[in-house]
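# Structure at a glance
Okay, here's what each chain looks like letter by letter:
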Amino acid sequence: MRLNLSPICRPQKWTKPLLTVGGTARRSYAFQSGSLNFEVFNRRAKWLQKERAASNPEHSRQADYLKDEVAMRVCERLLDVKRQFPRVLDLGANSCNIARALLHPDPDPESEPPVTEPLATKITELIAAESSHSLLHRDADHPSLSTSHVPGFKLTRHVLEHDELLPFEPDTFDMVLSSMSMHWINDLPGVLSQINSVLKPDCPFIGAMLGGDTLYELRTSLQLAEQERKGGISPHVSPLADVRDVGGLLQRTGFKMLTVDVEDIVVDYPDMFALMQDLQAMGEGNAVLGREMGPIGRDVLLAGDAIYRALHGNEDGSIPATFRIIHMIGWKESPDQAKPLRRGSGQASLKDLLEGQ
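Keep in mind that what you see is a predicted model, and the values were worked out from it rather than measured.

Among the nonpolar cores identified, the biggest contains 62 residues, and Leu-102, Leu-218, Tyr-269, Leu-275 and Phe-323 are the most heavily contacted of them. The element contributing the most residues to this core is helix α9 (residues 272–282), with eight residues. By size, the runner-up hydrophobic cluster in this structure holds 27 residues, among which are Leu-89, Leu-166, Ile-185 and Ala-241.

Written out as C-alpha cells, the structure is:
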C-alpha cells in the first residue's frame, strides 16, 4: 500500500527531530517467561516522547495516519470472528486508535452482504491501557471517539504504571488487541506470556507491530551520510523483531492456532525532514539505551537528504518510507478448542483433489 502525503498538510515549522523507529537490525530473544532479563529501550525516554507528542494535539493528530491505518487493519480481523466480546483489552493504546477504528461506520461495505454496523457492536467494554496519560486522554472529547452511535459500547481508559507488567487478574478478558506499540517492549516473551494469562480460555490475541525492514531507506541514507561526514556511524536504529521470531515467541508462550503475516505500507513524503518530523509527532523517536544524545548535526542531515533522494527518491521528487507491519493472531488454549488431526490420519489425497479439478 502507498499513501501519498501532500506538503500542504505538513506542519510548516521544522523542529529538531528524534530519529527513527526502525531498520534492518534483527532482534533476537532468549525466552524466559515473565521476567525482565534485559533492556534494549529506555522506557522513560519513550514515555517522554509520547508525552511531548501529545502536548501538541493538532500536530499529533495529523501524524496519526499510520497508527490509524494499522488499527483499522487489526480490527478488520474481527470480521472473520463470529462471536461477541464482553470485555476486551487494548494494550499499548496510544491515542485510542483501536477504539477509533472500532467506532468507524461501514467497516466492510464491499462484502456480500455489506457490513455497515461499527465493529464496536461486537464489544461491550474496551479497556484502553497506555503508559502515557497525556496521549491516552488526548482525544477524550474528540468527535472521532464519540460512542453515542453505539449505545452498548463502553470505552474505559487505564494508565499503566509499567508498560511491561499487566495489572490484571488471570482469565479476565475475552480478547486482547494491540496495535503499533509492542515493538518498544523490552521483554516481549514476558509480555506475550502475560497476555496469554489474562485471556480467558479459547479467546484470541490480535496484534500488529513494526518489524523487519521498517524505514530501511532512512537507515541506509543516514548511515552513509555519517560515514561520509564523521568517518563512522552512531546507533540511531532500534532493533526490530523478524516475522520468524514472532511466530516462535507466540508458540513458546502458549498460544495455539497461530497466524502470522507481514505487509509493507509505503508512505511518500516531500523530503527526509518531513518524515523525521512526523516520526517525532508520532512519539516514535529513537529510544535505544546508549544512543547518541542530542540532535543530529546539520551537515549529516543535509547529506542524508541528498543520499536518500539519490538512492530511493521517486520520479516526482518525493521520497518513499517503508513501514513493515507484522500481524499476529494467537488463541489461548482450551480443552474444547479445535485441534489439528494426528499427522498421517487424513483420508483424502490432496494430489487427487488437485488433479480432479
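Okay, the confidence of the model for the protein next. Of the residues in the protein, 87% reach a pLDDT of 70 or more, and the chain-wide mean stands at 86. Counted against residues more than four places away or in other chains, residues 5–26, with its pLDDT under 50, gives 80 contacts. Low pLDDT, under 50, characterises residues 28–36; the stretch is placed with 19 contacts to residues that sit more than four places away or in other chains.

Relative to the helices and strands, Gly-248 resides in helix α8 (residues 243–252). Accessibility expressed as a relative area gives 22% for Gly-248, which makes it partly exposed. Sequence spacing of Gly-248 and Pro-189 is 59 residues, and the spatial spacing of their C-alpha atoms is 9.9 Å.

What follows concerns the pattern of salt bridges. Within this structure, the stated rule accounts for 22 salt bridges. Among the ionic pairs, Arg-138 bridges to Asp-64, the shortest N-O distance being 2.8 Å. With Arg-138 in the loop between α5 (133–136) and β4 (154–159) and Asp-64 in the loop between α2 (57–62) and α3 (65–76), this pair connects stretches of sequence that are 74 residues apart. Summarising the burial analysis for this pair, Arg-138 and Asp-64 share the class buried. With its nearest N and O atoms 2.5 Å apart, the salt bridge here joins Arg-73 to Glu-263. Taken together, the positions of Arg-73 in helix α3 and Glu-263 in strand β7 (residues 255–269) put the pair 190 residues apart, joining distant regions of the chain. One network of salt bridges, in which partners are shared, links Glu-58, Arg-61, Asp-64, Asp-68, Arg-100, Arg-138 and Asp-139.

Definitions and limits used
Residues numbered from 1 in each chain as written. Predicted model: local features only at pLDDT ≥ 70, side-chain atom pairs only at ≥ 80, totals over all residues. Heavy atoms only, no water. Core = buried A, V, L, I, M, F, W, Y, C linked by side-chain atoms within 4.5 Å. Buried < 20%, exposed > 50% of the residue type's maximum accessible area, 1.4 Å probe, protein only. Helix = DSSP H or I, 4+ residues; strand = E, 2+ residues; numbered from the N terminus. pLDDT = per-residue confidence, 0-100. Contact = heavy atoms within 4.5 Å. Salt bridge = Lys/Arg side-chain N within 4 Å of Asp/Glu carboxyl O.

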